Amino acid sequence: MISIGALGSARAISGVTAFFDGGAPGTLIGWRPVFGIVFVLAVAVFILSSRLTSAKGDAGIRIDAIAAVLIGAAVVMLTLGFNNLNSWGPFFAENGAPFDVVGLSPAPMLIVAGIVLGQIFFWWTRRRIAQGKVPLVDLSVLGRGSERAAVYAKFIVVALEAALNFTIPLYVQIIQGRTSFDTALAMMPFNLTVFATATLVVRFYKRYPPKTIGMFGFTLTTVALPWLSLVVTNNWETIPTILGLVVLGIGQGALVILVFNVLVTAAPKHLAGDVGSIRGTSESLASTVGTAVAGALLVTIPSTVVGKALIDHPELPPELVSQVDLDSVNFVANDDLRDVLAATDASPARVEAAVEINEQARLDALKLGLLLLAALSATAIFQASRLPRYPPGEIPDGEHKKEAAGLTAPAQE
């Protein structure tokens, strides 16, 4: 349990340090040197990795090249598709799309192709297992409903974290025009709480089963996100906003390592590598999907809100709107908008009216995005109810691990 807690704490504290490591230099000396800092850290990790103890491989096992190509291509296509939903278009091809198919964007096509290749990968892997051959990933670690629920919960946890770490800093820096260091401070209540909770939650593993902790964690995130949507304003230092970030951090911290712990403790030791592979792949995809979906929301929602506001606002005549084309603007800082409007014949009152619309539209987009994330979190409460009902320290060495390995028929859920 100490190792599990250390792993969860390390992942959580990285979120705390990342904002400061990037925010402070980005504010004081510029954002380009931050890449140099990342390079130095990467070299240090590479050097330190040479001290790790190597595990002996099995020369008699041949890697399933076909499965590797299938899952690799699936992950690449899914990543490209989700990452380019905004620039290429979620349905119809935008100007930034490299190509189109009868006017349709390649982004959703890549997503569909990635899903299809993923299904082919699972079919191929089951076929190899049925033939008695060694698969690329042993799917028996997902043999029980509780393990599949754990993977789904892990996906939601990482997707929520990625979406939050994208939307809030984007709003703080672009719309409010605040520095990277200010962004780090705004995210501190959330990231510090995640770190503290991930460190302490392992103490409850012997008292409460994963099902209880998982449902509690997702309930907190489901409650905190609508609360943030209700109270968030242009001032991130208000007590209600900080309270919402803290509650959200408690829920996120309780979940960040719990589901990984479920998979590790339920699977035999010789399948630890398979568990790690599934965890890493699901985390990478979840991070991509969470960021992409959040970005799509922050682009699509403001366009709709701005379009309606332009019609209703008396200070902005159609001539000014046609000069700037405000309703096609995706995400623009208030200061940049003022610079654009300075080149038009807009009066100071009309400039401030346009800035007010821009700021309110982006704030509305952030609030609606938080509500949609709350809905996503709510779906995970049901999945968390399928997590194991026994404390990890009481897992029998016999039947449950045999079931995870596919040696016996799984018990009824």
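That block above? That's the structure.
Fair warning: this is a prediction, and the values are worked out from it, not measured in the lab.

Draft legend 1. Up close: the overall build of the chain. Scanning the chain from N- to C-terminus turns up 15 helices and zero strands. Considering the chain as a whole, with its 413 residues, one finds that 44% of them fall into the buried category. Residue pairs at least 24 apart in sequence account for 77% of intrachain contacts in the chain once pairs closer than 6 positions are excluded.

Draft legend 2. Just the packing of aromatic side chains, in detail. What the rule picks out here adds up to four aromatic pairs. Aromatic pair Phe121 and Phe122: ring centres 5.4 Å apart, planes at 65°, arrangement edge-to-face. Given the relative accessible area of 31%, Phe122 is considered partly exposed. On the basis of an interplanar angle of 55° and a centroid distance of 6.4 Å, the ring pair of Trp123 and Trp124 is categorised as tilted.

Draft legend 3. Geometry of helix H7 (residues 180-200). Along its 21 residues, H7 runs 29 Å from first to last C-alpha, staying within 8% of the 30 Å computed at 1.5 Å per residue. Met188 marks where H7 bends most, by close to 50°; the proline Pro189 follows one to four residues later.

Draft legend 4. Representation of the nonpolar core in the model. Formed by 43 residues in total, the largest nonpolar core has its most connected members in Leu164, Phe218, Leu225 and Trp236. Elements that contribute at least two residues to this core include exactly helix H6 (145-175), H7, helix H8 (210-231), helix H9 (239-255), helix H10 (258-266) and helix H14 (348-384). In terms of residue count, the dominant contributor to this core is H6 (11 residues). In contact with Leu225, other than residues within four places in its own chain, are Leu160, Leu164, Leu248, Leu370, Leu373, Ala374 and Ser377. Judged by nonpolar contacts, the second largest core, of 11 residues, contains Leu85, Leu110, Ile111 and Leu285.

Draft legend 5. Inspection of the packing of H8 against H9 at higher detail. In the contact formed by H8 and H9, the axes pass within 8 Å of each other and the chain directions differ by 155°. When the axes of H8 and H9 are compared, the pair comes out roughly antiparallel. Here H8 and H9 pass one another in a crossing that is left-handed. Seen from H8, the contacting residues are Ile213, Gly214, Gly217, Phe218, Leu220, Thr221, Ala224, Leu225, Trp227, Leu228 and Val231; seen from H9, they are Pro240, Thr241, Gly244, Leu245, Val247, Leu248, Ile250, Gly251, Gln252, Ala254 and Leu255. Residues belonging to the contact of H8 with H9 are distributed by class as follows: 15 nonpolar, seven polar and no charged.

Draft legend 6. Region of the structure containing a nonpolar patch on the surface. Together, Phe39, Val40, Val43, Phe46 and Ile47 line one region of the surface with nonpolar side chains, adding up to about 550 Å² of accessible area. Relative to the helices and strands, Val40 resides in helix H2 (residues 32-49).

Draft legend 7. Here's a closer look at the environment of Leu285. Within the element layout of this structure, Leu285 appears in helix H11 (residues 272-312). For the pair formed by Leu285 and Leu78, sequence separation is 207 residues and the distance between their alpha carbons is 7.6 Å. Sequence-distant contacts of Leu285, defined by excluding residues within four places in its chain, comprise Val75, Leu78, Thr79 and Phe155.

Draft legend 8. View of the environment of Glu94. Take Glu94: it is sitting in the loop between helix H4 (85-88) and helix H5 (106-130). A relative accessible area of 43% places Glu94 in the partly exposed class. When the C-alpha positions of Glu94 and Ser105 are compared, they lie 7.1 Å apart, and in sequence the two are 11 residues distant. Not counting chain neighbours up to four residues away, the residues in contact with Glu94 comprise Asn86, Ser87, Trp88 and Gly89.

Draft legend 9. Highlighting the pattern of salt bridges. Applying the stated rule across the entire model yields one salt bridge. Taking the shortest distance from any N to any O, the salt bridge between Asp64 and Arg128 comes out at 3.2 Å. In this pair, Asp64 sits in the loop between H2 and helix H3 (65-83) while Arg128 sits in helix H5, placing the two residues 64 residues apart along the sequence. This pair shows no difference in class: Asp64 is buried, exactly as Arg128 is.

Draft legend 10. Local environment of unusual backbone geometry. In this structure, Val102 is a non-glycine residue whose phi angle is positive, near 55°. Within the secondary structure, Val102 sits in the loop between H4 and H5.

Draft legend 11. Structural context of the packing of H7 against H9. Contact geometry for H7 and H9: axes closest at 7 Å, N-to-C directions at 30°. For the element pair H7 and H9, the recorded crossing hand is right-handed. Counted together, Ala186, Pro189, Phe190, Thr193, Val194, Thr197 and Ala198 of H7 and Ile242, Leu245, Val246, Leu248, Gly249, Ile250, Gln252, Gly253 and Ala254 of H9 form the full contact between these two elements. Split into classes, the residues belonging to the contact of H7 with H9 amount to 11 nonpolar, five polar and no charged.

Draft legend 12. Expanded view of the environment of Ile242. You can see Ile242 is positioned in helix H9. Taking the relative accessible area as the measure of exposure, Ile242 reaches 28% and is therefore partly exposed. A sequence separation of 56 residues divides Ile242 from Ala186, and the C-alpha atoms of the two residues are 8.7 Å apart. Filtering out sequence-adjacent residues up to four positions away, Ile242 remains in contact with Pro189, Trp236 and Glu237.

Scoring rules and cut-offs
Residues numbered from 1 in each chain as written. Predicted model: local features only at pLDDT ≥ 70, side-chain atom pairs only at ≥ 80, totals over all residues. Heavy atoms only, no water. Helix = DSSP H or I, 4+ residues; strand = E, 2+ residues; numbered from the N terminus. Buried < 20%, exposed > 50% of the residue type's maximum accessible area, 1.4 Å probe, protein only. Contact = heavy atoms within 4.5 Å. Phe/Tyr/Trp six-rings, centres within 6.5 Å; stacked < 30°, edge-to-face > 60°. Expected span 1.5 Å × (residues − 1). Bend = angle between axes of the 7 residues up to and from the residue. Core = buried A, V, L, I, M, F, W, Y, C linked by side-chain atoms within 4.5 Å. Axes fitted to C-alpha atoms, helices over the stretch in contact; angles between N-to-C directions. Parallel < 35°, antiparallel > 145°, perpendicular 65-115°, else oblique. Left-handed = near helix turned anticlockwise from the far one by under 90°. Nonpolar A, V, L, I, M, F, W, Y, C, P; charged D, E, K, R; others polar. Patch = residues over 30% accessible without salt bridge, like charges linked within 9 Å, V, L, I, M, F, W, Y side chains within 5 Å. Areas by Shrake-Rupley, 256 points an atom, 1.4 Å probe, with all protein chains shown as cover. Salt bridge = Lys/Arg side-chain N within 4 Å of Asp/Glu carboxyl O.

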